[in-house]
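Coordinate analysis (summary)
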There are 2 protein chains.
Amino acid sequence: MTQPSQKALVPFVSVDHMMQLIHHIGIEEMLRGLAERIETDFKRWPLFDKTPRVASHSDVGVIELMPTSDGDVYGFKYVNGHPGNTKGGLQTVTAFGLLSDVATGYPVLFSEMTILTALRTAATSAFVARMLAPEGSRVMAMIGNGAQSEFQSLAMKAIVGIEEVRLYDIDPAATAKCKANLEGSGLRVVACDTAEEAILGAQIITTCTADKQYATILTDNMVGSGVHINAIGGDCPGKTELAPAILHRSEIFVEYPEQTRIEGEIQQLDADHPVTELWQVATGEAAGRRDAKQITLFDSVGFAIEDFSALVYVRDAIKGTDFFQPLDMLADPDDPRDLFGMVQRAG
Amino acid sequence: MTQPSQKALVPFVSVDHMMQLIHHIGIEEMLRGLAERIETDFKRWPLFDKTPRVASHSDVGVIELMPTSDGDVYGFKYVNGHPGNTKGGLQTVTAFGLLSDVATGYPVLFSEMTILTALRTAATSAFVARMLAPEGSRVMAMIGNGAQSEFQSLAMKAIVGIEEVRLYDIDPAATAKCKANLEGSGLRVVACDTAEEAILGAQIITTCTADKQYATILTDNMVGSGVHINAIGGDCPGKTELAPAILHRSEIFVEYPEQTRIEGEIQQLDADHPVTELWQVATGEAAGRRDAKQITLFDSVGFAIEDFSALVYVRDAIKGTDFFQPLDMLADPDDPRDLFGMVQRAG
């Protein structure tokens, strides 16, 4: 075997290494670190190259590439969404991502992102809730107790100070799973029989369900004043969770209007319905919550910059650790014009 | 360490494994196999999802994602182009690619593509030359003796029956390198002092130079009738190699007009200048070369379907071999909704 040079080796963070990294750092500390990195990047939002994601749709799902760049570092994520996958014992969403150096085009990190996406989605939700939720929010309703639910709960604890989560899912087994996983987390966990019960006393309502359809997880009369809604599940055309009347009563905050109007809850509204961009709230250019009675709504769809932030966090976090393996991904002949000679000599 | 299940493991073909695979199969046999696979896919061209590449430009280069799908298999390539890289001892172009299953979104192959791109570009050139070059072509001029030159020469030998290559480069060291690498290949290799000398007696003229500028590698009076021009180097906005007068004397064949009009030699022509799509020549729907005096020109820019074909070839070729390693890229909890539990149990 030919020994590749250092330049040809790309650090790869496998699923196992990602899990080890989480335990090494501690999940709440990692969620806080991710939220900080995401906040930093939201504050310099205009710097980023914002290409809409490139989607390849089929009857059963979608495969997307989400690229972005801050001028120094380029990143992209590959992610699929296949709601029918769970029937065959597969994940609905799997993902991996890459960072590279804009100056040379050479990759500098390749990483699993199925787990990392769950972390960054939760960290983004919590960073936004810290800006928008009512003062002293301590109770969250968690509607939809699937793969995201524990990450959302812990991020809201670590970043917002939530002390109680109230769980509801149409499938009681999902609620039982989420409750069991959160035992020992320090959160008070209450399993509820209805969405209405879950919402009782909650200052933050998180919706995160998976069916690809126009669903109504929250109806208008379920939502009182003075709450923050963290709507995660409405994230592609044809998939929404909230009754339109709730949207009309809310001040709506989005990552990137061009994308959210296609993929988010606001696909149900007119194309010129007013929304506030979160990066402007982060920099102080726009107001966040204006009073205690207001309903604030984060219409979350997930944007490439959040993945970029997460990959940059991981790139820095693995330095000096063993939580990666060098991958021989790049051909690196001694003379760059002599690719053929390198191949020939390997014989 | 948690042992990932089979579904979570993606076969990865490293640079070293790719080189071993080439030697295992034999480079000419592999070029023939790739050309066959490319021909098969050109013949079913209308089936493919043809998204233009997604480019991220900077002052010093470009990073591109090139996705496509045939409805069953999805593929994409990451590729950079940084002409200044060679000064720092790096490759101008590096690449990797991925195939996945449209039905589930799960990746099924991850592969280096720096070497594979060189092979597929050469195989495509030779497949096209076999359709368009004059009967009995035996001599090729190779203008530009960089990283592509040996692959082009061997593909034209293996697929078209070229017996002699005539080399020219502004840098004699590049020519010397190419000549040395082709010793023992069975080709007659003639190093030339000028482009004019290289073209003498050639039925096929391949241009493959690297500077990102409007260059004139071939002037009008250098090109006689009855040749096939294989123009590889003009492949991005602002980068061309041929004098416009040559284009006006040629019948022009392209991969995908929408992309070639932006990136190819024909960016120098009006947007409605007639061109012929190669897939139509492959299926017999359009004529190729009509007479011995005609100048045919393949304005090659490289299209995602060729990368797809190359990845499918590699996916099949590694079956039953050791030329790959399983990569733990996909989180695969026993219960798909219990991603958190998987992370927790890894602690």
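Residues numbered from 1 in each chain as written. Chains lettered and ligands numbered in written order. Predicted model: local features only at pLDDT ≥ 70, side-chain atom pairs only at ≥ 80, totals over all residues. Heavy atoms only, no water.

1. Comments concerning the sheet that holds strand S15 (residues 250–254) of chain A
Pairing between the strands of a sheet is mediated by backbone hydrogen bonds and can be parallel or antiparallel. Residue and element names in this part refer to chain A. Within the open sheet, the eight strands sit side by side as S10-S9-S8-S11-S13-S17-S15-S16. Their pairing is parallel. Both edges of this open sheet fall to strand S10 (188–191) and strand S16 (276–277), since each of them pairs with a single strand only. Sheet contacts for helix H5 (residues 172–182): strand S9 (164–168) and S10; angle to S9, the most-contacted strand, approximately 160°. (Pairing = 2+ DSSP bridges. Helix = DSSP H or I, 4+ residues; strand = E, 2+ residues; numbered from the N terminus. Contact = heavy atoms within 4.5 Å. Axes fitted to C-alpha atoms, helices over the stretch in contact; angles between N-to-C directions.)

2. A closer look at the packing of helix H1 (residues 15–25) of chain A against helix H3 (residues 114–132) of chain A
To describe two helices that pack against each other, one gives the angle between their axes and the distance between the axes. All names here are of chain A. H3 packs onto H1 with a crossing angle of 40° between their chain directions and a minimal axis gap of 9 Å. In terms of orientation, H1 and H3 fall into the oblique class. Along the contact surface, H1 presents Val15, Met18, Met19 and Ile22, while H3 presents Ile115, Leu116 and Leu119. Counted by class, the contact of H1 with H3 contains seven nonpolar, no polar and no charged residues. (Parallel < 35°, antiparallel > 145°, perpendicular 65-115°, else oblique. Nonpolar A, V, L, I, M, F, W, Y, C, P; charged D, E, K, R; others polar.)

3. Overview of the sheet that holds strand S15 (residues 250–254) of chain B
Residue and element names in this part refer to chain B. Pairing within the open sheet is parallel, and its eight strands lie in the order S10-S9-S8-S11-S13-S17-S15-S16. On the outer flanks of this sheet lie strand S10 (188–191) and strand S16 (276–277), each paired with one strand and no other. In terms of strand pairing, strand S11 (residues 204–207) meets strand S13 (residues 228–231) through four bridges, oriented parallel. Residue pairing for S13: Thr206 is matched across the bridge by Asn230. Its contacts with the sheet place helix H5 (residues 172–182) against strand S9 (164–168) and S10, and it is angled at close to 160° to S9.

4. Overview of the relation of the copies chain B and chain A
For the pair chain B and chain A, the relating rotation is 180°, the translation along its axis is 0.0 Å, and the fit reaches an RMSD of 0.0 Å. Taken together, these values place the two copies in the relation of a two-fold axis. Mapped onto chain A, 100% of the interface residues of chain B are again interface residues, and the two copies thus contact each other with one and the same surface. (Least-squares fit on C-alpha atoms with pLDDT ≥ 70 in both.)

5. A word on the environment of Ile162 of chain B
All names here are of chain B. Among the secondary structure elements, Ile162 is positioned in the loop between helix H4 (149–160) and S9. Taking the relative accessible area as the measure of exposure, Ile162 reaches 2% and is therefore buried. Between the alpha carbons of Ile162 and Ile295 there is a distance of 18 Å; along the sequence they are 133 residues apart. Excluding anything up to four places from it in sequence, Ile162 contacts Ser137, Arg138, Val139, Met140, Met156, Lys157, Leu187 and Ile204. (Buried < 20%, exposed > 50% of the residue type's maximum accessible area, 1.4 Å probe, protein only.)

These figures capture arrangement, not role.
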